[in-house]
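A structural walkthrough
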Amino acid sequence: MSGSAHSEHAESKVRYGMVIDLDKCTGCGACSVACQQENNVSFRPDESDKLRTLSWMTLYRLENGAGYPDYRAAMLPRPCMHCDSPHHSPCTFVCPVNATIRDEHTGIVDHVAVRCIGCRYCMVACPYHARSFNWWDPKWPKSMEAMLTPEVSPRMRGVVEKCTFCHHRLNLARDRARLNGEDPDSVVYTPACAEVCPTGAITFGNLKDPNSDVAKLAKDPRAFRLLEKLHTEPKVYYLSSAQWIRRQSDNGL
Amino acid sequence: MDKALIPEGVKRCPLPVFGLWLLFLLAVIAWGIYAGLTVLIKGLNVTGLNNYFGFGLYITVDLGIIALGAGAFFSGFMYYGLSRFFPKLKELHKIINLAVIVGFCCYTGALLVLLLEIGQPLRGWFGYWHANVHSMLTEVIFCISCYAIVLVIEFVPIILENRKLDAVKPLHVFGHNLHEIMAIFAMTGTFLSFFHQGSLGGVPGVMFGRPFAYRTGFFIWPWTFFLFTLSAMACGPAFTALICRIIEKVSNKKLVDRSVYELIAKITGSLLLIYLILKTMDTLYWALDTAPGFGLKLSDFYREPYGMWLLFAELGLCGVLPVILLLTPQTRNSNGLLFLGFFLNCAGIVINRFAMTVEALAIPVMPFDQWAVYIPTWAEWAPCIAMLAYGALIVSLSYRYLPIFPREKELNP
Ligand code: SF4
Ligand code: SF4
């Protein structure tokens, strides 16, 4: 399909990215659920062991540590940051079999499940815990099988998986653009999480297009990224007007 | 009963006793195989690993055992390479066979455990087919498998020295010729080992998203690359000496001259000292420059059960102390203290491998994240213990049926 048929430009004009407004986020978890369904992320009857669940979009609870009445809490949705560090992302740098690679035309860090040997080196190298391992065979209740997304292949036991910025939606958008005689390299599309968020907290688009909402929001004075000091160069930005939240975004800020 | 197979002029325990020992080892190995099959059939969910601890006991044991197995390459390097310039190193001839056998056990054992460690063992060969040249793990996969082949080649002539096999003319000639060219393999092994011991160090060192493990370095190699190679050289021969001592104790015989142990003590003690100085410099630079650059203090990295005590155990109890024990003539003269020195040396390096792979993962990188603790399950212990039993099996068989100690006859008239 269209995924690999990119044009040749080395310095691409597309860098897909995301901005999540924590001031708007209510922590409802719709993004996480939509992601799970859209990307055929399997689950088990008992998901109480949070260190073993498959989760592409995880909600973290942040607390300011103060007592009543100054107590504050916030939720922080965390997809894969699609790290844009020069040369390599932390995870793509270490994968011995090129099963996780950054598409330099879009900036999307992808994962080829059928090539992954399950060594979990990428998981260990990712500081955001954006990757989960398939500890069990994926299984869905019979009644849910008809609801699986046909464009996304389910992953098998023994491999790692993570957020792809709904790469299949990009492929569909590119195909549509081709049919309409438009430039497939400049399409805009919306991942499932951004589509369902009831408060409109998630904005997605091309960070390199100065006119895009996402590029404008990324320059907002409220904008920050997680763990900037590590120089992983996340393409996911957060917005918050609360100083204590911004402080928790990085060590020793 | 098996007299015809036992090397001439040496004594071995009665076959039934040896048989019982083998039976015990085989039982442990069977337990490990059962655990291994459970992991392969049911998946890694039977282990204590999780999304935070992607690396666990398997990796620690692999890294530890490969460092301890470094006696093979480093003794070979000293004997075949350096002894031209330092004739004293010729002494190592008396223990070199054992070093090769121990190395063989360590590497083949590690490869078997590695097979369990990856979630898709059937895709193990993708490491060669889809190799990512930037990944340290790729370097590890290539060098370790090449070196395991070199070790097999080095082991073959030792096997061919068995009395019965040696009586077969073509085998005798083949074995003899192999002996002649062994220096080439020893040097190839040295070259490969320098690289894979180093790239094993590179595995944690290049993770720039993990402030505990990440190290700056030289060109494409983080400092851990060099530290791992050096520490493997410092503990490998010590491990060989320990194994030799255990065989001596069990068989109630003297197998090598004490001078060999003393030589190994001086070499490993000196290397450990150099390693400790560099490691301390590395730790200080990391604690005072690298980590603060990431916004972290030294104390942020240590919390029970992975407290500062691990650092003190690694560098103090199992670092400075063995250096003193191995380099001071008085302590070196006491058997108890000498072998305690060897033991602590090896233990320190294993703690280092644990710290760089498992402890490194306990520390939350995102400030709002939590600390995690990892507890291995029986499915992880069993294959690791079985691997040790497998090593004991190979060493036992080799000792019984092969003339691996050239001085055994003279030392036990
Ligand atoms: S967030 Fe983790 S998985 Fe995503 S690109 Fe960065 S290192 Fe890789
Ligand atoms: S787990 Fe898969 S994707 Fe991750 S480093 Fe290993 S082979 Fe690559």
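Summary of the structure given here. (Residues numbered from 1 in each chain as written. Chains lettered and ligands numbered in written order. Predicted model: local features only at pLDDT ≥ 70, side-chain atom pairs only at ≥ 80, totals over all residues. Heavy atoms only, no water.)

Inspection of the region around ligand 1 gives C80(A), M81(A), H82(A), C83(A), P90(A), C91(A), V109(A), C126(A), Y128(A), A130(A), R131(A) and K162(A) as its neighbouring residues. Residues of the shell around ligand 1, tallied by class, amount to nine nonpolar, one polar and two charged. (Near = heavy atom within 4 Å. Nonpolar A, V, L, I, M, F, W, Y, C, P; charged D, E, K, R; others polar.)

Let us look at the interface of chain B and chain A. Counting from both sides, the interface comprises 51 residues of chain B and, opposite them, 54 residues of chain A. Of the roughly 4,400 Å² buried where chain B meets chain A, counting both sides, 59% is carbon and sulfur surface. Broken down residue by residue, the surface that chain B buries against chain A is led by N51(B), F208(B) and F368(B), which jointly contribute 18%. Counting across the interface, chain B meets chain A through one salt bridge. Between R120(A) and E117(B) there is a salt bridge, with its nearest N and O atoms 2.7 Å apart. (Contact = heavy atoms within 4.5 Å. Buried area = accessible area lost by both parts, 1.4 Å probe. Salt bridge = Lys/Arg side-chain N within 4 Å of Asp/Glu carboxyl O.)

Turning our eyes to something else, we now look at the site of ligand 2. Taken together, the neighbourhood of ligand 2 is formed by C95(A), P96(A), V97(A), A99(A), H111(A), C116(A), I117(A), G118(A), C119(A), R120(A), C122(A) and V160(A). Of the residues in the shell around ligand 2, the class split is nine nonpolar, two polar and one charged.

For the rest of this paragraph, the subject is helix α1 (residues 15-42) of chain B. All names here are of chain B. Its 28 residues place the ends of α1 39 Å apart at the C-alpha level, agreeing with the 40 Å of an ideal helix rising 1.5 Å per residue. Of the positions making up α1, those classed as buried are F18, L22, L25, V28, I29, G32, A35, G36, T38 and V39. Buried-residue contacts for α1 involve α2 (57-68), α4 (96-117) and α15 (378-401). Taken from the residues just after α1, G43 is the one with a positive phi, measuring 100°. (Helix = DSSP H or I, 4+ residues; strand = E, 2+ residues; numbered from the N terminus. Expected span 1.5 Å × (residues − 1). Buried < 20%, exposed > 50% of the residue type's maximum accessible area, 1.4 Å probe, protein only.)

Core analysis: the biggest nonpolar cluster contains 209 residues, and Y121(A), L98(B) and F342(B) have the highest contact counts within it. Among the elements that line this core, the one with the most residues is helix α10 (residues 223-251) of chain B, at 15 residues. When residues no more than four places from it in sequence are discounted, the contact partners of L98(B) are T240(B), I243(B), C244(B), I247(B), V395(B), I404(B) and F405(B). If you look at the next biggest cluster of nonpolar residues, it comprises seven residues, including V19(A), V214(A), A223(A) and Y237(A). (Core = buried A, V, L, I, M, F, W, Y, C linked by side-chain atoms within 4.5 Å.)

To continue, consider the pattern of salt bridges. This model, assessed by the stated rule, comprises 32 salt bridges over all chains. For R222(A), the salt bridge identified is with D23(A), shortest N-O distance 2.7 Å. Here D23(A) lies in the loop between β1 (16-21) and α1 (30-38) and R222(A) lies in the loop between α7 (213-218) and β9 (223-224), a separation of 199 residues in the sequence. Since its relative accessible area comes to 23%, R222(A) is described here as partly exposed. Note that D300(B) is salt-bridged to K297(B), the shortest N-O span being 3.6 Å. Relative accessible area serves as the criterion here: at 27%, D300(B) is assigned to the partly exposed category. If you follow the salt bridges from partner to partner, you end up with R15(A), D84(A), R102(A), E104(A) and K235(A) in one network.

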